[in-house]
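Fold and geometry: a report
If you want the building blocks of each chain, they are given just below.
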Amino acid sequence: MKVLPFLPLPLRRPCLCCTRLSSALLKATALELVVLAGHVLLYPTGIAGERQPPQHPAEPTTTPPTAPGGVSASPAEGSERPPVVLLHGFIDNRSVFVLLRRSLARHGWRHLESLNYSPLTCDIRTAAELLGRHVEEICARTGHHRIDIVGHSLGGLIARYYVQRLGGDQRVRTLVTLGTPHGGTAVAPLASAHPIVRQMRTDSAPIEELRRPAPGCRTRFVSFWSELDQVIVPAEAACIDHPDLDALNVRVSEIGHLALPVHPTVAAAVRQALESRESLIDATGTPGATATAGTAGAPGTTATAGIAGSTGAPGTASVA
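How each quantity is defined
Counting starts from 1 at the beginning of each chain's written sequence and moves along it residue by residue. The predicted origin of the model limits local features to residues at a pLDDT of at least 70 and limits the giving and counting of side-chain atom pairs to 80 or more, whereas totals for whole chains, interfaces and linings rest on all residues. The side-chain values count all of the structure's non-hydrogen atoms but skip hydrogen atoms and water molecules. Going along the chain from the N terminus, every DSSP run of H or I of four or more residues is numbered as a helix, and every run of E of two or more is numbered as a strand. Note on exposure labels: buried denotes an accessible area under 20% of the residue type's maximum, exposed denotes more than 50%, and partly exposed covers the range between, all computed with a 1.4 Å probe on protein chains only. The contact definition used throughout considers only heavy atoms, calling two residues in contact when any of these lie within 4.5 Å. The method behind every accessible area is Shrake-Rupley, applied with a 1.4 Å probe, and residues are considered shielded solely by the protein chains displayed. Orientation is described by axes fitted as lines to C-alpha atoms, over the contacting stretch for helices, and by angles from 0 to 180 degrees between their N-to-C directions. We call two directions roughly parallel when the angle between them is under 35 degrees, roughly antiparallel when it is over 145, roughly perpendicular when it lies between 65 and 115, and oblique otherwise. A clockwise turn of the near helix away from the far one marks a right-handed crossing, whereas an anticlockwise turn of less than a right angle marks a left-handed crossing. Side-chain classes follow a simple rule in which Ala, Val, Leu, Ile, Met, Phe, Trp, Tyr, Cys and Pro form the nonpolar group, Asp, Glu, Lys and Arg form the charged group, and the remainder, Gly included, forms the polar group. One confidence number per residue, pLDDT, is output by the predictor and ranges from 0 to 100. Pairs of N or O atoms are called polar contacts if they sit within 3.5 Å, as long as, within protein, a hydrogen donor faces a hydrogen acceptor (for residues adjacent in sequence, only side-chain-to-side-chain pairs). The rule is simple: put a 1 Å grid over the protein atoms alone, call a set of points where a 1.4 Å probe fits but cannot get out a cavity, call an open set with protein on both sides within 12 Å along at least five of seven lines a pocket, and count a residue as lining if it has an atom within 4 Å of a point. Grid points are joined across faces, edges and corners, and a volume is the space filled by probe spheres set on the points. In this scheme, strands are said to pair when DSSP sees at least two bridges between them. Orient the strands so they point away from the viewer, and a crossover whose first-strand-to-second-strand path over the helix runs clockwise is right-handed. A pair of aromatic rings is counted whenever rings of Phe, Tyr or Trp (Trp by its six-membered ring) have centres within 6.5 Å, and the orientation is called stacked for planes under 30 degrees apart, edge-to-face for over 60 and tilted otherwise. Look at NZ for Lys and CZ for Arg. If either is within 6 Å of the ring centre and within 35 degrees of the ring normal, a charge sits over the ring.

For the protein chain, the helix and strand inventory stands at 9 helices and 9 strands. Residues classed as buried in the protein chain amount to 46% of the 320 residues present. By sequence separation, contacts in the protein chain at least 24 residues apart represent 73% of the contacts at least 6 residues apart. A total of about 15700 Å² of accessible surface is found on the protein chain, and carbon and sulfur atoms cover 62% of it.

Further remarks concern the packing of helix H3 (residues 98–106) against helix H8 (residues 264–274). Relative orientation of the contacting elements H3 and H8 amounts to 55 degrees, with a least axis distance of 10 Å. Looking at the two axes, H3 sits oblique to H8. Both H3 and H8 take part in a crossing whose hand is right-handed. Residues Leu100, Ser103 and Leu104 of H3 form the contact with H8, whose participating residues are Ala267, Val270, Arg271 and Leu274. Taken together, the residues of the contact of H3 with H8 break down into 5 nonpolar, 1 polar and 1 charged.

Let us look at the confidence of the model for the protein chain. On average, residues of the protein chain score 77 in pLDDT, and 68% of them reach the 70 mark or higher. When the criterion is pLDDT under 50, residues 278–314 qualifies, and its contacts beyond four places in sequence or with other chains add up to 71 contacts.

Attention now moves to the side chain of Glu209. Inspection of the secondary structure puts Glu209 in helix H7 (residues 205–210). The buried category is assigned to Glu209, whose relative accessible area is 10%. Within the structure, the side chain of Glu209 is placed 2.9 Å from the side chain of Arg125, a separation counted as a polar contact.

Okay, the environment of Asp169 next. Considering the arrangement of structural elements, one finds Asp169 in the loop between helix H5 (154–165) and strand S4 (172–178). Sequence-distant contacts of Asp169, defined by excluding residues within four places in its chain, comprise Arg146, Val163, Gly216, Cys217, Arg218 and Thr219. Here the side chain of Asp169 touches Arg218 through a polar contact of 3.3 Å, landing on its backbone nitrogen.

Here we come to the layout of surface pockets. Volume-wise, the second largest pocket comes out at about 610 Å³. By residue number, the principal contributor to the lining of the second largest pocket is helix H1 (residues 9–42), which donates 7 residues. Considered class by class, the residues forming the lining of the second largest pocket number 19 nonpolar, 9 polar and 2 charged.

Before going further, it helps to examine the pairing of strand S3 (residues 147–152). Buried residues dominate S3, accounting for 6 of its 6 residues. On S3, burial covers both faces: Ile147, Ile149 and Gly151 on one face and Asp148, Val150 and His152 on the other are all buried. Sheet topology note: the strand S1 (residues 84–87)/S3 ladder contains 4 bridges and is parallel. Residue pairing in the sheet places Val85 in a bridge with Ile149 of S3. In terms of strand pairing, S3 meets S4 through 6 bridges, oriented parallel. In the strand pairing of S4, Val150 is matched with Val176. The parallel pair S3 and S4 is bridged by H5, and the resulting crossover is right-handed.

By the definition in use, this model includes 0 aromatic pairs. The lysine or arginine in question, Arg81, covers the ring of Trp109, its NZ or CZ lying 3.9 Å from the ring centre.

What follows is the structure, encoded as structure tokens:
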């Protein structure tokens, strides 16, 4: 690297980094405002819970398909992807997933359902129990034994609590979280007046419960986080760091908290995360390796979608 004379490298590097960060932050903030404006317009359309047409499990076949591990799967599971439940964040509703849901449907996902929980919900545990009942109803109606969940922000935390603490790993195959405060967040003081927001603090009881051992957890976790997420403080708190969990943390560049559920690049990465375990292994090189959606990677490297990779930490990936 060439360095201008009379300007020490330690003095040059912070200036360049700050310039890049400021430019990226300005772009991300502008995008956040655009997303917020669009979401305000769509918000009324998602206030009412969605109505699902009655569905029935597929008729038994002569030779039922076999799931990994030699366990017989239902006909529905052998012929199509499992249902996906979309779970929104704090003071939000299902309208936040309009674009992601459209993307999934366009690429072959048939069973897509959203769950609205009340903004008056005061406890993560209560919301997780509601999610559990909803999942059981979906399994009974569709004939699938396992489902996938995509949760934004608080929705991801509720889903993780259901999986880890309420036995939901028996039902949830893959949990994808978008900007979820897995390690807690230093939220704004005014927002902390709400009980469920206080439960998102680093030292809250639910966060402490999620740090407890979870041996044998069957669910695969994929957590998308952004260094420009102004809601999760610090931003790295959106990563899952638990020795008992099969988790992949995916860093998203140059977008903020609100853009995570609507950005097309994130949608493409979410689709890949919801594919079978085999396809995820193909994308990352080996289980737990650091590579990214759409690119082959070797253990110990981080690649970004469509651009060259750089050295990264194990268990992480990057999407740009």
